[in-house]
Amino acid sequence: MKQIALLAVLALSACATVPAPVRPQDAFMASLNALCGQRFLGRVVTTDAADADFARSRLVMHVRDCSADEVRIPFHVGDDTSRTWVVSRNGDGGLTLKHDHRNPAGEPDGLHWYGGDTVSAGTANRQEFPVDQFSIALFNAGNAAVSTTNVWAVEVHPGRIYAYELRRANRHLRVEFDLTRPLLPVAAP
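These numbers come from a predicted model, not from an experiment.

Draft legend 1. Local environment of the overall build of the chain. A tally of regular secondary structure across the chain gives 4 helices and 11 strands. Long-range contacts, defined here as pairs at least 24 residues apart, represent 43% of the contacts in the chain between residues at least 6 apart. Summed over its atoms, the accessible surface of the chain is roughly 10,800 Å², and 57% of this surface lies on carbon and sulfur atoms.

Draft legend 2. A look at the nonpolar core. Judged by nonpolar contacts, the single largest core of 34 residues is most densely connected at Leu32, Trp85, Trp152, Tyr162 and Phe177. Residue contributions to this core peak at 4 residues, all from strand β4 (residues 70–77). Among residues more than four places away in sequence, those in contact with Phe177 are Phe40, Leu41, Gly42, Leu59, Val60, Met61, Phe75, Trp85, Arg160, Ile161 and Tyr162.

Draft legend 3. Geometry of the pairing of strand β5 (residues 80–89). For β5, the buried fraction is high: 7 of the 10 residues fall into the buried class. As judged from the 7 bridges shared by β4 and β5, these two strands associate in the antiparallel manner. Residue Pro74 lies in a different strand from β5, and its bridge partner there is Thr84. Where β4 folds back onto β5 in an antiparallel hairpin, the turn is made up of 2 residues, including Gly78, whose phi is positive at roughly 60°. Examined bridge by bridge, β5 and strand β6 (residues 95–101) share 7 bridges and lie antiparallel to one another. Its bridge partner lying in β6, Ser88 is registered against Thr96. The hairpin formed by β5 and β6 contains 5 residues between the paired strands, and Gly93 there has a positive phi angle of roughly 90°.

Draft legend 4. Geometry of the pattern of salt bridges. A complete count under the given rule lists 19 salt bridges for this structure. The salt bridge involving Lys98 is made with Asp132; its shortest N-O contact spans 2.7 Å. Here the residue Lys98 occupies a position in strand β6, and Asp132 occupies one in the loop between β8 (126–130) and α4 (133–141), the gap between them amounting to 34 residues. Here Glu165 and Arg167 are joined by a salt bridge, their closest N and O atoms 3.4 Å apart.

Draft legend 5. Spatial organisation of the side chain of Ser88. By the element assignment, Ser88 lies in strand β5. Leaving out residues up to four positions away in the same chain, Ser88 has contacts with Asp69, Glu70, Gly94, Leu95 and Thr96.

What counts, and at which threshold
- Residues numbered from 1 in each chain as written.
- Predicted model: local features only at pLDDT ≥ 70, side-chain atom pairs only at ≥ 80, totals over all residues.
- Heavy atoms only, no water.
- Helix = DSSP H or I, 4+ residues; strand = E, 2+ residues; numbered from the N terminus.
- Contact = heavy atoms within 4.5 Å.
- Areas by Shrake-Rupley, 256 points an atom, 1.4 Å probe, with all protein chains shown as cover.
- Core = buried A, V, L, I, M, F, W, Y, C linked by side-chain atoms within 4.5 Å.
- Buried < 20%, exposed > 50% of the residue type's maximum accessible area, 1.4 Å probe, protein only.
- Pairing = 2+ DSSP bridges.
- Salt bridge = Lys/Arg side-chain N within 4 Å of Asp/Glu carboxyl O.

Shown next as structure tokens:
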């Protein structure tokens, strides 16, 4: 009888030490937050002619303004500092990617705040964001109907690469950032 009681205690204590599984989106956000405050140089790795200007430009991302629920990532293309990727948790338990475009005065510029929401758990390293209804309406109103089928993806492979991707029919852009070589911090003015 004592052996059975001992086995029951051991079995219960073993169950108590098994950690709860980490949701892929929680792990993904943790990986983004681990990059907070760092800047990285990127390059276009796809070959669409539409991306020739991007491919010739210096591409820098700066992970900043981080919390457990939102990470803002300014994306500079040469001297153009108008873009920021915003990855946040949404009310459905998933993640949202938005593109925050601003003019030099800091006001919303052109097509602004477009993006999408995850429709699956994704993985700890990759999240996909199909275009949302707000963005479809924005693209239609802004003479950009070609973008109404966009699917964006963000990948974080800790210690290796961060990738941003855009896909739709006849379009594929992928930019990869080297996480092994953070850029030096920007000097304060």
